[in-house]
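So you can see what is in the structure, the chains are spelled out below.
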Amino acid sequence: MNDILIIALAGFTTGITTVLFGFGGGFVVVPFIYQLLRHQPATADNAMHIAVATSTAVMIFNAGWVSYRNWRAGHVSVQACFPLMWFIAMGAVIGSWLAGLLSEERVRLLFVIYMVVTIGDCLLRKGFFSGSIPRRLSRATVTGGGILIGTIAALLGVGGSVMTVPLLRRHGYAMRDCINTANPLSLPVALCGAMTYAVSGWHSIPARGFLGFISLKIMMLLVVTGLFGILVAQRKIPAVPDIWHARIYVLLLNAVLIAMLL
């Protein structure tokens with residue numbers, strides 16, 4: 001029962017962070033699922049792979065629903081999404097394939113390193129906490145950056161928002177625009193990653209209720225509770241000033257890093 005409550009709370013929190021920060025699942029879900037499964041004999045050897053794969057699958061629903069609502073409301077920047085989305089999708093296929101080749105501990109280590117680099121980048125480089133005039137992304141940023149974002153996001157199950165938000169922020173976009181764009185940019189990572197994890201992990205888990213590395217039971221619980229979190233965030237939480245939006249974003253990254261280290 002305690003496990004169910006923990007997963008439900010993680011799913012509810014994920015729904016809120018999807019709306020407020022573009023985190024479709026990974027930074028909240030991965031540490032919780034990893035800690036939950038690493039103590040179970042049937043899943044201990046693949047706990048990190050299952051956490052990443054399940055998180056990736058959950059993003060399809062969370063990021064997909066929020067993206068649809070934002071698109072209907074006219075809050076998604078087409079200029080920022082395309083053609084970056086296609087190169088992120090290419091990178092997602094590469095990242096998902098690499099994840100199947102790396103050991104459990106290496107994936108966890110990469111997750112921690114990725115978090116440290118991202119937090120340091122937000123704090124030390126100028127531009128994240130101060131807005132400017134929006135400017136178009138260069139061709140090199142769209143192609144090389146898009147493939148890199150997709151690769152890392154799918155490899156670690158983080159959706160890419162933690163890279164696309166700082167990227168767009170430094171190109172002059174307001175935090176709200178960065179978040180609204182981050183969700184649709186997470187969809188190619190979620191779709192390509194989930195399919196790859198389902199195939200690469202086929203028959204790898206000696207337990208029922210798995211589609212490859214994806215835990216179907218955990219995924220469904222996260223999706224349902226995540227929907228409640230999305231509704232609460234959209235209807236009950238007021239708009240956050242831009243500068244505080246950026247500060248809370250970085251604080252959230254620190255909290256997840258600490259949770260993963262502990």
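Conventions and cut-offs
- Residue indices follow the written sequence of each chain, beginning from 1 at its first position.
- Where local features are concerned, this predicted model is filtered to residues with pLDDT of at least 70; where side-chain atom pairs are given and counted, the filter is 80 or more; whole-chain, interface and lining totals use all residues.
- Just so you know, side-chain values use all the structure's heavy atoms and leave hydrogens and water out.
- We count a stretch as a helix when DSSP gives it H or I for four or more residues in a row; a strand needs E for two or more, and each element gets its number in order from the N terminus.
- Only protein chains enter the calculation, and the probe is 1.4 Å; a residue is then buried if its accessible area is under 20% of its type maximum, exposed if over 50%, and partly exposed in between.
- As used here, the term nonpolar core means buried Ala, Val, Leu, Ile, Met, Phe, Trp, Tyr and Cys residues forming a set that is joined through side-chain atoms within 4.5 Å.
- Residues count as neighbours in contact if any of their non-hydrogen atoms are within 4.5 Å of one another.
- UniProt positions are given in the numbering used here, feature names are shortened, and annotations may be inferred rather than shown by experiment.
- Note on aromatic contacts: the rings of Phe and Tyr and the six-membered ring of Trp form a pair at centre separations within 6.5 Å, being stacked when their planes are under 30 degrees apart, edge-to-face when over 60 apart, and tilted otherwise.
- A pairing counts as a salt bridge when a side-chain nitrogen of Lys or Arg comes within 4 Å of a carboxyl oxygen of Asp or Glu.
- Here a cavity means grid points, on a 1 Å grid over the protein atoms only, where a 1.4 Å probe fits yet cannot get out; a pocket means an open set of points with protein on both sides within 12 Å along at least five of seven lines; lining residues are those with an atom within 4 Å of a point.
- Grid points are joined across faces, edges and corners, and a volume is the space filled by probe spheres set on the points.
- Ten residue types, Ala, Val, Leu, Ile, Met, Phe, Trp, Tyr, Cys and Pro, are classed as nonpolar, four, Asp, Glu, Lys and Arg, as charged, and the remainder, Gly among them, as polar.

1. Focus: the environment of Gly 144
Part 1 of the reasoning: As for its position among the elements, Gly 144 is in helix 7 (residues 139–156).
Part 2 of the reasoning: A residue is classified by how much of its surface remains accessible, and Gly 144, at 42% relative accessible area, is partly exposed.

2. Topic: the side chain of Thr 17
Part 1 of the reasoning: The residue Thr 17 is located in helix 1 (residues 2–21) in this model.
Part 2 of the reasoning: The buried category is assigned to Thr 17, whose relative accessible area is 4%.

3. Some words on the nonpolar core
Part 1 of the reasoning: Of all hydrophobic cores here, the largest spans 75 residues; its most connected members are Phe 128, Val 165, Leu 222 and Tyr 249.
Part 2 of the reasoning: Top element by residues in this core is helix 9 (residues 175–200). It accounts for 10 residues.
Part 3 of the reasoning: Sequence-distant contacts of Val 165, that is, excluding residues within four places in its chain, are made with Phe 21, Phe 128, Met 175, Cys 178, Ile 179, Ala 182 and Tyr 249.

4. Looking at the UniProt feature "transmembrane region" (unreviewed entry) in the chain
Part 1 of the reasoning: According to UniProt, the feature "transmembrane region" (unreviewed entry) maps to residues 7–34, 46–68, 80–101, 107–124, 145–165, 185–203, 210–232 and 244–261 in the numbering used here.
Part 2 of the reasoning: Here residues 80–101 runs as 82% helix and 0% strand, with 32 Å between its end C-alpha atoms.

5. Some remarks on the packing of aromatic side chains
Part 1 of the reasoning: Summed over all chains, the structure comprises two aromatic pairs.
Part 2 of the reasoning: Ring geometry for Tyr 68 versus Trp 71: centroids 6.5 Å apart, planes at 35°, classification tilted. Of this pair, Tyr 68 and Trp 71 both sit in helix 3 (residues 47–72), three residues apart, roughly one helical turn.
Part 3 of the reasoning: When its relative accessible area of 39% is taken as the criterion, Tyr 68 is described as partly exposed.

6. So, the environment of Val 142
Part 1 of the reasoning: Checked against the element boundaries, Val 142 lands in helix 7.
Part 2 of the reasoning: The spatial distance from the C-alpha of Val 142 to the C-alpha of Met 85 is 8.8 Å, given a sequence separation of 57 residues.
Part 3 of the reasoning: Leave out the neighbours within four places in its chain, and Val 142 touches Pro 83, Leu 84, Phe 87 and Leu 137.

7. Observations regarding the pattern of salt bridges
Side-chain pairs of opposite charge can arise whenever the charged atoms involved come near each other.
Part 1 of the reasoning: One pass over the full model with this rule turns up one salt bridge.
Part 2 of the reasoning: Linking Arg 169 and Asp 242 is a salt bridge whose minimum nitrogen-to-oxygen distance equals 2.7 Å. Taken as a pair, Arg 169 in helix 8 (residues 161–169) and Asp 242 in helix 11 (residues 242–261) lie far apart in primary sequence, 73 residues in all.
Part 3 of the reasoning: Classification of Arg 169 by relative accessible area gives buried; the value is 1%.

8. As for unusual backbone geometry
Part 1 of the reasoning: Here the phi dihedral of His 203 falls at roughly 65°; this positive angle occurs in a residue that is not glycine.
Part 2 of the reasoning: One can find His 203 in the loop between helix 9 and strand 1 (210–211).

9. Digging into the layout of surface pockets
Part 1 of the reasoning: There is about 390 Å³ of room inside the largest pocket.
Part 2 of the reasoning: Together, 16 residues line the largest pocket, and Asp 121, Arg 125, Met 163, Pro 166 and Leu 167 are the ones closest to its centre.
Part 3 of the reasoning: When residues of the lining of the largest pocket are traced back to their parent elements, those giving at least two are helix 6 (104–124), helix 7 and helix 8.
Part 4 of the reasoning: The greatest single-element share of the lining of the largest pocket, amounting to five residues, is contributed by helix 7.
Part 5 of the reasoning: Along the lines of polarity and charge, the residues of the lining of the largest pocket split into nine nonpolar, four polar and three charged.

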